[in-house]
Every structure is written in C-alpha cells, then in structure tokens.
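Here are the chains, one letter per residue:
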Amino acid sequence: MAWEAERGQARVGVRAGGDRPSGGPRTPGRRPGRARRRAGTDAAGGRGRRRRPTRAPRRRAGHPTPGATALTDAPAAVRIGEASTPDGGFPVLLPLGGGHHLALDTDARDGRVAALLRALVLRLVATAPPGRVRVTGIDTAALGATFGPLRPLLDAGVLDPPATGEAEVAALLTAAESHARAAQHADPATRQLLLVVATAAPPPRELARLAALTHAGPAAAVCVLLAGHPSRLPGETSPPLGSTTALRLSEGYAHVGDPPGAPFSADGSGLAAPVLLDGDPPPASVRALAEHLGAAARRADALSFAELLPERRWAESAANGLRTVVGRTGPAPLTVAFDDVTPHWLVGGRTGAGKTVFLLDVLYGLAARYSPAELQLYLLDFKEGVSFTEFVPTGRDPSWLPHARAVGIESDREYGLAVLRELRREAQRRATALKRHGVTKLADLPRDSPLPRIVAVIDEFHVLLAGNDALARESVDLLEELARKGRSYGIHLVLASQSMTGIEALYGRAEAIFGQFALRVALPGGGGVLDQLNDAAAALPIGSAVVNTAAGAVGADTVLRFPDAHAAAADLAALRHELWQARPPGSRAPAVFKGYEAARVEDDPTFAGLRPGGRRPMALVGRTVDVHGTTALFLMDSTPGRHLAVVGTAPAGADVLRAAALSLARQHTPGDARFQVASLVTAADPIAAETEAALRAAGHPVHRLDAAGLRDRIVTLAAEPTGREYLVVFGMDTAAPVLGAADPVTFRSGLDDLRTLLRHGPAQGVHLLGWWRGLRRLSDDLGGTQNRDDVACLVALNVPGAELALHLGVHDLAYTPRGDRALLVDRHDQRTRLIVPFARDGHESDGER
Ligand SMILES: Nc1ncnc2c1ncn2[C@@H]1O[C@H](COP(=O)(O)OP(=O)(O)OP(=O)(O)O)[C@@H](O)[C@H]1O
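Residues numbered from 1 in each chain as written. Predicted model: local features only at pLDDT ≥ 70, side-chain atom pairs only at ≥ 80, totals over all residues.

1. So, the overall build of the protein
Moving on, step 1. When helices and strands are counted, the protein shows 22 helices and 30 strands.
Moving on, step 2. Each principal axis of the C-alpha atoms in the protein carries an extent, and together these give about 150 × 55 × 50 Å.
Moving on, step 3. Taken over 849 residues, the protein has a buried fraction of 51%.
Moving on, step 4. In the protein, the share of contacts with a sequence separation of at least 24, taken over all contacts with a separation of at least 6, comes to 74%. (Helix = DSSP H or I, 4+ residues; strand = E, 2+ residues; numbered from the N terminus. Buried ≥ 20, exposed ≤ 12 C-beta atoms within 10 Å, placed from the backbone. Contact = placed C-beta atoms within 7 Å.)

Here's what the structure looks like:
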C-alpha cells in the first residue's frame, strides 16, 4: 500500500506538472506526496486506485476500516475526490484533523457539497480509533436534513443532533469552545477530536467564533468543515480561517487550494488539476460503521472490574504511599492515593449511590497491588447490610482477604470505638518504633523493619458519632488524633457517609478533623463532602463520582466512572481466592464482629480451652464487643463478693447463667465441685433442666433444689461450707419471700444467711450464680446499695441505664439496653464492657438492637 501511495503521488507530480492547463496553476512535482506523507497514515477512502475516478471512492467508502490514527496530534490524509487529468485520475488527499480544516465556497444546498461533507464525516470517524471523534453539525442550510443519511451515526452516539436554530448554534459553539479549552489541558493520549461541520456559513458573530476555532491549533482538538465560505455574495467579507484548505466549486469540478504547510503549488494557486468530488457514502457503509462504532463504544464504555487490577499481584511497595486505579476519567484510568498529600479520604453519597461498590473497588484494587506485609485493612460498617462480609470466612466460603485484620459488619458503636482505640494504640506503637530509629516518617524506616500501612474504612461513620454522648465524644477525639498523626504513621482513614450534616458531636471540630481529609469522593447525592460552592456532583449518574484532591475546593474535580463490583461477584471471589491461597504462612483470619450474630459458649475459644486444675475458675458469660471479640468472663476467686448476678427480665438471663455454670464445670474434675441447681421460675425450667443434665453428663454431682431447699442450703453453707460448691439459681428474685422469713428459733432470716454466704463463701470456694429479673430485688437481697460489692459481678440485660447507675453508685454510666446485648460490670476491677451475652442454640433475638 505504501508503494501504491507513492506511485499515485508520483503521478500527481508528473501529470500535474506536465498537463498544466494554460494559464492555470503550476503544480511542482511530488508536492502532494509530501502532503500525504506529512498527513500521516492513509485515511479510510484514501486508497483509491487510478482510472476509475467515480467508482473507486464508493468502493473505499463502502468498506471503511476503523483505523488507529488519533486525529488530534497530527492530521490524517483524507480523500476528497479524484483529480482528473488527460492521462487518467488520481486520488486527492487533504490533511484534516491535527489542527487542519476545510472550507468549501458553496454551501450544502448544493448536493455535491452535502455529499462530500457526509463522506468526510464518515472517513474521519472511520480513521480514528472508536470513540476518539465526536461530530457536531450546524445545519441552518437544510434544517438538519444534510445529516439525515448519517442517522445511524447519531444513533451510535458519534454524531450529535444537528443545530438548526440560532440558539442551538450558539450553544454548540460554546460547547466547542469549552471542548477546545479542556483539550488543551487534557492528556494528548486521550484527547477526543471534535469535528464541527457547518453546512453553510452562520451569521457573522457565529462565523467569527467558528473562524476562531480554526486558529486554535492542534491542541484544541477541533476540526472544522465549513461550507459556504468565503461568501460568494458581493460585498460580504468573511473572516480568514487558520490552517484551512479551501475548495472552490465550479461547474462539475472543484478547485483545491493549497493545504496549509504542504502546498501543491509554489505560488499559492493550489492543485493544478480539476477534482471530481466524492459522492455520498453508500448507506450500507454508514450503517456498518455505525454498528461497529456503537459496539466499540459500548465495549469501551463498559467498565470492567479487571481494569482496576495490576498485571502482577503484590508487586508494589507501600513505602511512600498506596495507590490504586479506581476507574476511568474519560477514557483514561484514574489512580488515587493514600500518601502525604491525600492521607485520608472522605466519601459521600446518598443511600444506594454506590458507596459500597466504590469501596469494594478500592479495597480489591489495593489488595491486589500490595501484599499483607505492606497493607493491613480495618473495615467497619455501621449499616444493616453486608458490605464487608465477603472479606471474612463463611460457612460456604472459607476464604478471607489476607490483608483484613478486623472486620465489623452491622457494627455497634462500641465496636467502632474499640477499633479506634486499637488504631490509636497502633499509632502509639508506631511512634515508639519511629523514635527508636530516629526518623519521623514511615517511609524513612529502615528497609529491614518496615511497617505495613493501615487503611481503616468506616462506612456510615455518622452512626458512630450520633448523639452527643461520651462514646461520640471519645470517638471524635480519637478521629481527630488519628487524622492528625496518621499521615506520619501510615494509618489512613476512609470515612464514608450518606450525610455530613447534623453530626452534633462534630460541632466545632469538623474543620480540625476533615481538614486532614484532602481527598473527597462525592457519589450521587454526596455533594456534602465538597465545598459549599462546588456543585460538580449535582447531577451524577450511578457508577460515577467526583474525585477532588483539594478538600472539595471548586476546580479540583475529576469525574470518575467506576465499575460495578457487585456485578463482578465471580471475579471478586476469584481474586479473593487467589490472594487467600497466596497468604503468608501462619496468617490468621481477620477478627470479625457481626452485629446480628448471637454468641454461643460452645463456639468460644476460651471455653474450648478450659481444663480442670486452674487456681481461679472463670465464669464465661459472653463475647465482649471489642476488636478481637474477647471472651467476657468473671474470675470466681476467693475475694468476698465474687458472685454473679445476671439481671433483667430478658429470657436471655437463663442462657447466660447456663453458660457460666457449664464453663465453671469444665474447670473441675468430676467430684471436685458440687452444683446446686434451683429453677424458681417456670420459664427457666427447660434451661435449668438442660444445665443440670449437661453437668451430670460431665460427671459432676448435681442437686436440684426448690426455694425451701435453696434456703436450707444457704443456711448450711453460711454456717459451715464444705468445699467447692456453686449455687446456680434461675429466678433468684422469687426466693425473696422464702429467704425473707425469719427462723422461729434463731430469728435469723434466710437473707441474713445469704449475706453471710456472699461475704464469706468465696474464701471457701462457694459462689452464687443467680438470675434476678429486677435490679431492685437484687438490691433488697443484698440489704441495700451499700452492700452492692457483695455481688461484684453483674451482667445487666434489659435494665434501664439510670437504674443501673443508681445501683452501682456511678453517674457517668452510658447504657442503653437493647436485644442481644448486655453490660458486664465487675465492681472489683472497675470493668464495664458491652457484651454479646452467650445464648443457646435456637435462642431468638430478644428485641431490636
Ligand atoms: N459503577 C456502577 N455501575 C453500575 N451500577 C452500579 C455501580 N455502582 C453501584 N451500582 C449499583 O447501585 C446499587 C447500589 O450500590 P451500593 O450498594 O454500592 O450503594 P450504597 O451507596 O452502598 O447503598 P447503601 O448505602 O444503601 O448500602 C447496586 O445495585 C449497584 O449494583
């Protein structure tokens, strides 16, 4: 083909020079060849063979071959027709694109002009890679009809609906000007050419604007095809055009002027042969090209999750920050970073706007790039849903993301606080490590003692900060500290929320905290993370976001489109498995907190590890709401008051008592300890029976007591304990009448003996484990709040916080009872913890959380 082109060009030189019509322009040899060489790759339709001037272009236009010539950097040689010489014809190619334009002195009411314009549109579109040319038309001459045959291109999204009225033309020019401005700052590799086709010269003011576009240079990425210029009307002046080849139509033929920079003539007279302009492209070609482009556009437009992933897994170093591709801006990939400039991110979007999808895109992108030695993840979600479930092992899929250290799903606020405290401890550890090495930044640590960067994602963080209680205040303090110090210590925060307003705990602190969050991501409805004056996120569709690296300031916006991770579930799972298989030896699954999940003592690792022989038996009551789900327990040692009171009407109380009894039983060899089981409320009978059976099955001596039997046993034990013994009482509150009655002989009441037992029993190995359904009854049994330390271990279920505070004699207790949660209070070591109390299988949640 190169040879064919050269041959054609050689002929141009010889013929044009030899057969110059008398008085006509002189065309020096080989000039068109230069024009073609400079124009770069041969354009579609530009390979016409000689001698068949009328048929060749049709054949070429009938088979447009979408090329790979971006028309923005350099022009392409585009065929306009066939020069006619006595010796035959040869194709005439003109430079278009790359800052080159075309003007025809006749408007498109002349059918030849209209047909040529359509042919050129088709060829230019076919020449560039799909998506790299956009066509916009001004058709005041024929009210849009000129573009009618190109309708398939309009449907394929390549051609805009033509502007036919004054206002539309003005709007089109405004859009073209802003395209030109934006293109000048765009990456040349991704610039799109805007082809502006005017079928007739618009009014002077608009014409001047159009002319200005021809002067804007290649960087503006605009190509103008202007018909009806210069005006043929006498007395009308037309503004000069820049870098434009002019065609003059005369009877049957056109005269082609010199292309800018590569003239045919030495004297400016243009091509010395008349040119028969190409006619309309066949409709089948238009359709074929439109189909091809439409499909390519859909393919190019469809973002795939695979685009976010690097070629090689775990090949990046996190020493200077973390970077990942999150999607595309225009056709180019967009990379975002956790580094010194954008250490923390703030993400906003109304519910359903794609926050979870965006976060999954980011997390998988990071996890594929950085090994677990470079990156650790703490993932925290406060909403109902399953955002981060896929990172943790489940019954169906044992894999987990090896970077994940802690994952909270439907988290409690207390869990969120626990994660923040853990992160602060980590920051303190890192501060010490940096000091030890005499450096101030993670990146400066010696290579042999690197620390992984940590990314902590808190989805729906406004839940954590809701209200103005002690928990919200401490969380705000921790967030501020982490936001400030995280940059140096490699701890990065991502706070995501559907709402940035009305977070009371943040009043007066928002600036101090969010000032550190330089990177803002506004999903649809998430404009609140941007500056008040920045409305860049006003009309975003799902799957897109505004990414702003200047804390939301106007003008620092990039529009991102990101792939739908939900739609790529299989790819995600495959990647997770791949990373999981590659996990370093000895990796542990992340600590997981699932807010909706009940805790079973049988699943508890501490319970599983209990053996007889310990000096201080432990009563296990639940799982602490903390990062590692620590077992919640009380030591039943010899200190006065080491007894357990489970308090509240919730039936879960019986389950807690069962778990405590069974765990203690595992710490004694059969025969070492006696168990007295009393069920004083009908509701607890099955559980008491089950507990008794389990204790017996474990080989322990068990006695079943009624209220009277319980009193007798208390009397006996108060007077004369005989070794390790546990009283397990379901419904202890109902024993009050029996215990309260005074002995007719000694005048002692059972309550006196109970109080003696509470004080002196532990020293002898005797402990009471009771479920009181009301706090008042417990208090009465103890003989008033002054004796509250006589039962030092409390599990408060549905007990109002104020009542509990009163009983405990503390004023700063924050506890709101909710289903499947309890407050553990140990009066001896001043512990107060939110726990998920142990429940039996088949236990039903006892209320809304
Ligand atoms: N890039 C995308 N392309 C196409 N669809 C998307 C894209 N991102 C999200 N979606 C769709 O939008 C819906 C909501 O997404 P997602 O669950 O991430 O929203 P969310 O903001 O986390 O919502 P919520 O806060 O209610 O959980 C999903 O059905 C998802 O498939």
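2. Description of the site of the ligand
Moving on, step 1. What surrounds the ligand is a group of 15 residues, the closest being Gly354, Lys355, Thr356, Gly543 and Asp564.
Moving on, step 2. Class assignment for the residues of the shell around the ligand results in 5 nonpolar, 8 polar and 2 charged. (Near = placed C-beta within 6 Å. Nonpolar A, V, L, I, M, F, W, Y, C, P; charged D, E, K, R; others polar.)

3. Considerations on the nonpolar core
Nonpolar side chains tend toward joint burial in soluble globular proteins.
Moving on, step 1. Ala619, Val621, Val647, Ala660, Ala661 and Val729 are the most contacted members of the largest nonpolar core, which totals 175 residues.
Moving on, step 2. Structurally, this core is a two-domain feature, drawing no fewer than three residues from each of domain 2 (323-594) and domain 3 (601-837).
Moving on, step 3. Counting 81 residues, the second largest nonpolar core, distinct from the first, contains Leu173, Ala227, Leu241 and Leu289. (Core = buried A, V, L, I, M, F, W, Y, C linked by C-beta atoms within 7 Å. Domains from an automatic or database assignment.)

4. Quick look at the environment of Ala156
Moving on, step 1. Along the polypeptide, Ala156 turns up in the loop between helix H5 (151-155) and helix H6 (166-185).
Moving on, step 2. Placed 31 residues apart in sequence, Ala156 and Val125 show a C-alpha to C-alpha distance of 12 Å.
Moving on, step 3. Excluding its chain neighbours within four sequence positions, the residues that come into contact with Ala156 are Ala290, Leu293, Gly294 and Ala297.

5. What about the pairing of strand E1 (residues 76-85)?
Moving on, step 1. The buried fraction of E1 is high, at 9 of 10 residues.
Moving on, step 2. In the sheet, E1 pairs with strand E2 (residues 88-96) via 9 bridges, with the strands oriented antiparallel. From the neighbouring strand, Val78 faces E2, where its bridge partner is Leu94.
Moving on, step 3. Two successive antiparallel strands, E1 and E2, enclose a turn made up of 2 residues. (Pairing = 2+ DSSP bridges.)

6. Some details on helix H9 (residues 355-369)
Moving on, step 1. Between its first and last C-alpha, H9 extends 21 Å over 15 residues, near the 21 Å set by a 1.5 Å rise per residue.
Moving on, step 2. Taken across its 15 residues, H9 has 15 buried, putting it largely inside the fold. (Expected span 1.5 Å × (residues − 1).)

7. Focus: unusual backbone geometry
Moving on, step 1. The step from His229 to Pro230 runs through a cis peptide bond, and the omega angle for that step is -5°.
Moving on, step 2. Relative to the helices and strands, Pro230 resides in the loop between strand E6 (222-227) and strand E7 (244-249).
Moving on, step 3. Its identity as a non-glycine residue notwithstanding, Trp314 has a phi of 55°, on the positive side.
Moving on, step 4. Topologically, Trp314 is positioned in the loop between helix H8 (283-301) and strand E10 (322-329).

8. Section: helix H18 (residues 707-719)
Moving on, step 1. Look at H18: 18 Å from first C-alpha to last across 13 residues, which is about the 18 Å you get at 1.5 Å a residue.
Moving on, step 2. Three or more residues of H18 are buried, namely Leu710, Arg711, Arg713, Ile714, Val715, Leu717 and Ala718.
Moving on, step 3. Residues of H18 that are buried in the fold lie against strand E24 (674-679), strand E25 (702-705), strand E26 (725-730), helix H19 (736-740), helix H20 (750-760) and strand E27 (766-772).

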